[in-house]
Amino acid sequence: IDSKYKTIERRLLSIFQDEMSKSESAIVRYNPEIISKAAMFLSGMIPRSAALGIAGETASGKSTVTFDIIETLELFSKEFEIKNIVTRVNTDDYYYDRSQMVIEAGGFDNFVKNYDLDIPEAIELELMKKHINSLVNLKRTYLPKYDMSGTAKRFDNYRLAKPARIIISEGLYTLNEKIADVFDFKVY
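These numbers come from a predicted model, not from an experiment.

Draft legend 1. Structural context of the nonpolar core. Membership of the largest hydrophobic core comes to 26 residues, with the highest contact counts inside it found for V89, Y94, M128, I132, I167, I179 and F183. Residue assignment for this core shows that the elements contributing at least two residues are helix 6 (125–136) and strand 3 (141–146). Here this core takes 6 residues from helix 6, the largest share from any one element. Residue contacts for I167: discarding those within four places in its chain leaves S49, A50, A51, L52, T87, V89, I132, L135 and V136.

Okay, here's the thing in structure tokens:
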């Protein structure tokens, strides 16, 4: 494990340095200790999963960065023969089911006139924290799925999520105080 750790640590350092050298880098700054900590999780030196939370303003690139990280991790997993490298937990799937309120309002357009979806109270962050904790502790869990087509319907126990080396989640309120402590790594 120690040689695997050192190899992964060197590769991660190279990835971060390459990214930082770009004129349009997605990384503004990082704590250098993150490299060794990430290498410990990826190499198996730390036996539980690592949780990564990504937050930012609307249209700030959270999803783009998340999918870039997932793609990089999947390539990384092939290079270092790491199985079950990443599981994504979508913060948007934790919006409370408001489908009955949409019906009563006569449609989604009327519903959003009186209901703000851009507040932390619109999202069941406690349930999301519970699910991430389960995954971090290597337990399978069923995740919800929120219908973004304007019904405000949430389907609970929709998708079985399997534990992975990295549990990643992104969203507007992913680093809200109700949930931030579940993450080992935080990106804003």
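Past the structure itself, the notes keep going.
Draft legend 2. Quick look at the packing of helix 1 (residues 2–20) against helix 3 (residues 62–80). The N-to-C vectors of helix 1 and helix 3 enclose an angle of 145°; their axes lie 12 Å apart at closest approach. For the crossing formed where helix 1 meets helix 3, the hand is right-handed. Side by side, helix 1 and helix 3 meet where K4, T7, I8, R11, L12 and I15 of the first sit next to T72, F76, E79 and F80 of the second. In the contact of helix 1 with helix 3, the residues fall into 5 nonpolar, 2 polar and 3 charged.

Draft legend 3. Expanded view of the environment of K22. Relative to the helices and strands, K22 resides in the loop between helix 1 and helix 2 (33–43). As a C-alpha pair, K22 and R98 span 76 residues in sequence and 43 Å in three-dimensional space.

Draft legend 4. Inspection of the layout of surface pockets at higher detail. Each pocket or cavity is described by its volume, and for the largest pocket that value is around 1500 Å³. Considering the residues around the largest pocket, the lining is formed by 42 residues, among which F16, I27, V65, I69 and V187 are closest to the centre. Looking at the lining of the largest pocket, the elements with two or more residues in it are helix 1, helix 2, strand 1 (50–54), helix 3 and strand 6 (185–187). The class makeup of the residues in the lining of the largest pocket is 23 nonpolar, 6 polar and 13 charged. What the second largest pocket holds in volume is close to 190 Å³. Contributing to the lining of the second largest pocket are T58, A59, K62, S63, D92, Y95, D118, M148, E170, G171 and L172. Partitioning the lining of the second largest pocket into residue classes produces 4 nonpolar, 3 polar and 4 charged.

Draft legend 5. The arrangement of unusual backbone geometry in detail. A positive phi angle, near 65°, is found at A59, a position not held by glycine. Tracing the sequence through the fold places A59 in the loop between strand 1 and helix 3. Phi at A152 takes a positive value of approximately 60°, unusual for a residue other than glycine. If you trace the backbone, A152 turns up in the loop between strand 3 and strand 4 (154–161). Classification of A152 as buried rests on a relative accessible area of 0%.

Draft legend 6. Local environment of the pattern of salt bridges. Taken as a whole and judged by the stated rule, the model has 11 salt bridges. Between K22 and E19 there is a salt bridge, with the nearest N and O atoms lying 3.3 Å from each other. Its salt-bridge partner being D93, residue K145 comes within 3.9 Å of it at the nearest N-O pair. Here D93 lies in the loop between strand 2 (86–90) and helix 4 (99–105) and K145 lies in strand 3, a separation of 52 residues in the sequence. Taking relative accessible area as the criterion, K145 reaches 34% and is therefore assigned partly exposed. Within this structure, E124, R154 and D156 form a network of salt bridges that share partners.

Draft legend 7. Layout of the sheet that holds strand 5 (residues 166–170). Ordered by their spatial adjacency, 4 strands build an open sheet running 2-5-1-6, and the pairing between neighbours is parallel. The open sheet terminates on both sides in strands that have one partner only, identified here as strand 2 and strand 6. Across the sheet, the axes of successive neighbouring strands diverge by a mean angle of 20°, strand direction being ignored. Along the sheet, helix 2 makes contact with strand 1, strand 5 and strand 6, crossing strand 6 at roughly 125°.

The rules behind these values
Residues numbered from 1 in each chain as written. Predicted model: local features only at pLDDT ≥ 70, side-chain atom pairs only at ≥ 80, totals over all residues. Heavy atoms only, no water. Core = buried A, V, L, I, M, F, W, Y, C linked by side-chain atoms within 4.5 Å. Buried < 20%, exposed > 50% of the residue type's maximum accessible area, 1.4 Å probe, protein only. Helix = DSSP H or I, 4+ residues; strand = E, 2+ residues; numbered from the N terminus. Contact = heavy atoms within 4.5 Å. Axes fitted to C-alpha atoms, helices over the stretch in contact; angles between N-to-C directions. Left-handed = near helix turned anticlockwise from the far one by under 90°. Nonpolar A, V, L, I, M, F, W, Y, C, P; charged D, E, K, R; others polar. 1 Å grid on protein atoms, 1.4 Å probe; cavity = no way out; pocket = protein on both sides within 12 Å on 5 of 7 lines; lining within 4 Å. Points joined across faces, edges and corners; volume = space filled by probe spheres on them. Salt bridge = Lys/Arg side-chain N within 4 Å of Asp/Glu carboxyl O. Pairing = 2+ DSSP bridges.

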